[in-house]
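Residue-level structural notes
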There are 2 protein chains.
Amino acid sequence: MVKADATTNSTATSFMNGVPELLLLRLLQAREMYGYELVQAIRDETRDAVQFGEGVVYPVLHALEKDGALKSRRKTVNGRSRVYYSLTAAGRRRLGDLTATWLKVSEAIQGVLTGARHAEAI
Amino acid sequence: MVKADATTNSTATSFMNGVPELLLLRLLQAREMYGYELVQAIRDETRDAVQFGEGVVYPVLHALEKDGALKSRRKTVNGRSRVYYSLTAAGRRRLGDLTATWLKVSEAIQGVLTGARHAEAI
DNA sequence: TATTATACCTTGCGACTCGAGGTATGGGGC
DNA sequence: GCCCCATACCTCGAGTCGCAAGGTATAATA
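Residues numbered from 1 in each chain as written. Chains lettered and ligands numbered in written order. Predicted model: local features only at pLDDT ≥ 70, side-chain atom pairs only at ≥ 80, totals over all residues. Heavy atoms only, no water.

**As for the confidence of the model for chain A**
The following threshold applies: On a scale of 0 to 100, pLDDT captures the predictor's confidence in every residue. Should any heavy atoms of two residues lie within 4.5 Å, those residues are considered in contact.
Within chain A, residue pLDDT values average 85, and 84% of them lie at 70 or more. Within the model, pLDDT remains below 50 along residues 1-12 of chain A, and this stretch shows 5 contacts once partners closer than five positions in the same chain are excluded.

Structure (structure tokens):
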């Protein structure tokens, strides 16, 4: 077995749990989009820093719809059938909560990484 | 008393995969520490924004040692036996890689959240 | 003496991610 | 007309990870 590990995949770093959900909600807040489009939008908007395949995106979309955070409608464009998703009120709330949590957590991690002694209390 | 975490813990989105490893490496870069101490250090330095229990910390420490990123030594202090961990050269390299990846990814997510049109190319 | 705090550890469930695979159709090139 | 690619949807199985819960042992404190 090749050692080769290093920065490759094995233990590799996916620091992202719940991130698909967060990004999907955020993109759909801006406008109605369909699954295949979302896969590429995430790749594009993050300049390839973040990539989620269809095997990630579709299940998350289905779960969010089942939870009432998204609603969908079929639409045929250029003879192609697409499922467009958009946020519900619950989805907007969820996006707000997730965003707040993400900010809090990522700032805290940032703080540890930059060696910031747990800063002064408020 | 019920802890009753407000934000529905069920699917509760803990955006953090690989974060335990990252924080542990970072803290141990500063100085030699032991498991029980690390659990509290993470809580303290992140002002409770991030918390990892012993069930997370110990297994990660063992895995990192097995991978050669950490080395340990037993030491008895005040009649208490502790296992102190410190970084190896491989561990320092790993910390550097993980930190770079974390920065790239978290900035990309930040960009999407703030609606930054995938900024200008270099 | 009993309880709490320190300090170590493992196990089993559940959740998440992802590659791989499967279906179907429209458009271009030959 | 035919083949292949891109579009567009989907599921399954494997593997990983996080975590609560549980377990041991000892020092300090009440």
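**So, the sheet that holds strand β1 (residues 33-34) of chain A**
Two orientations exist for strands paired in a sheet by backbone hydrogen bonds: parallel and antiparallel. Residues and elements named next belong to chain A. The line we're drawing: The criterion for strand pairing is that DSSP finds at least two bridges linking the strands in question. Helix and strand assignments follow DSSP, with helices taken as H or I runs no shorter than four residues and strands as E runs no shorter than two, numbered in order from the N terminus. All axes are obtained by fitting lines to C-alpha atoms, using only the stretch in contact for helices, and the reported angles, taken between N-to-C directions, cover 0 to 180 degrees.
Taken in spatial order, the 3 strands make up an open sheet running β1-β3-β2, and their pairing is antiparallel. Two strands close off the open sheet at either side, each with one partner strand: β1 and β2 (70-77). Note that β1 and strand β3 (residues 80-87) share 2 bridges and pair antiparallel. Looking at the pairing, tyrosine 34 lines up with tyrosine 84 of β3. Packing of helix α1 (residues 19-30) onto the sheet brings it into contact with β1, β2 and β3, and relative to β3 it is tilted by some 95 degrees.

**Quick notes on the pairing of β2 of chain A**
Residue and element names in this part refer to chain A. Strand direction decides the pairing type here: β2 and β3, joined by 8 bridges, are antiparallel. Directly across from valine 77, in β3, lies its bridge partner arginine 80. In sequence, β2 turns back onto β3 through a hairpin of 2 residues, with asparagine 78 there showing a positive phi of about 55 degrees.

**Looking at the interface of chain B and chain A**
Filter applied, for reference: Reported buried area values correspond to the accessible surface (1.4 Å probe) lost by two parts on association, with both partners' losses combined. Polar contacts, as used here, are pairs of N or O atoms within 3.5 Å; protein pairs need one atom able to donate a hydrogen and one able to accept it. Residues neighboring in sequence count only if both atoms are side-chain atoms. Under the scheme applied here, ten amino acids are nonpolar (Ala, Val, Leu, Ile, Met, Phe, Trp, Tyr, Cys and Pro), four are charged (Asp, Glu, Lys and Arg), and all others, including Gly, are polar.
Listed per partner, the contact involves 41 residues of chain B and 41 residues of chain A. Its largest share of buried area at the contact with chain A, chain B owes to Phe15, Trp102 and Leu113 of chain B, together 21% of the area lost on that side. Taken together, the connections running from chain B to chain A amount to 7 residue pairs in polar contact (both at pLDDT 80 or more). Ranked by the residues each element gives to the side of chain B that touches chain A, the list is headed by helix α4 (residues 89-113) of chain B, at 15 residues. Looking at side-chain class alone, the side of chain B that touches chain A contains 19 nonpolar, 12 polar and 10 charged residues.

**Brief notes about the protein's contact with DNA strand D**
Heads up, the rule is: We call a residue near a molecule or strand when any one of its heavy atoms sits within 4 Å of it.
Near DNA strand D lie 21 residues; those nearest to it are Tyr34, Tyr36, Glu54 and Arg82 of chain A together with Asn17 of chain B. Among the atoms of DNA strand D close to the protein, meaning within 4 Å, 62% are from sugar or phosphate groups. Here a phosphate oxygen of DNA strand D and a backbone polar atom of tyrosine 36 of chain A are 2.7 Å apart. Tyrosine 58 of chain A places a polar side-chain atom, nitrogen or oxygen, 3.0 Å from a phosphate oxygen of DNA strand D. At the level of elements, α2 (35-45), α3 (54-66) and β3 of chain A together with α3 (54-66) of chain B are the ones that each hand at least two residues to the surface near DNA strand D. Tallied by class, the residues present in the surface near DNA strand D amount to 8 nonpolar, 9 polar and 4 charged.

**Quick look at the relation of the copies chain B and chain A**
Let me state the cut-off plainly: C-alpha atoms of residues with pLDDT of at least 70 in both copies form the basis for the least-squares superposition of the copies.
In screw terms, the move from chain B to chain A is a rotation of 180 degrees and a rise of 0.0 Å along the axis, fitting with an RMSD of 0.1 Å. The relationship between the two copies is best expressed as a two-fold rotation axis. Both copies share a contact surface, since 95% of the interface residues of chain B are interface residues in chain A too.

**Concerning unusual backbone geometry**
Even without a glycine there, the phi angle at asparagine 78 of chain A is positive, about 55 degrees. With respect to the helices and strands, the residue asparagine 78 of chain A is situated in the loop between β2 and β3.

**Digging into the pattern of salt bridges**
The line we're drawing: Salt bridge criterion: a side-chain nitrogen from Lys or Arg within 4 Å of a carboxyl oxygen from Asp or Glu.
For the coordinates displayed, the defined rule picks out 10 salt bridges over all chains. Salt bridges here are not isolated pairs; linked through shared partners, they connect Glu21, Asp67 and Arg94 of chain A.

**Things to note about the environment of alanine 116 of chain B**
The topology assignment puts alanine 116 of chain B in the segment after α4. Residues within four places of alanine 116 of chain B in sequence aside, it is in contact with Glu45 of chain A together with Gly111 of chain B.

**Looking at the packing of α2 of chain A against α3 of chain A**
Residues and elements named next belong to chain A. Inclusion rule: Geometric relationships in this document are graded by angle, where less than 35 degrees denotes roughly parallel, more than 145 denotes roughly antiparallel, 65 to 115 denotes roughly perpendicular, and other angles denote oblique. Take the far helix as your reference; a near helix turned counterclockwise from it by less than a right angle gives a left-handed crossing, and one turned clockwise gives a right-handed crossing.
For the pair α2 and α3, interaxial distance at closest approach is 10 Å and the crossing angle is 125 degrees. Classified by the angle their axes make, α2 and α3 are oblique. The handedness of the crossing between α2 and α3 comes out as right-handed. Seen from α2, the contacting residues are Gly35, Tyr36, Leu38 and Val39; seen from α3, they are Glu54, Val57, Tyr58 and Leu61. Partitioning the contact of α2 with α3 into residue classes produces 6 nonpolar, 1 polar and 1 charged.

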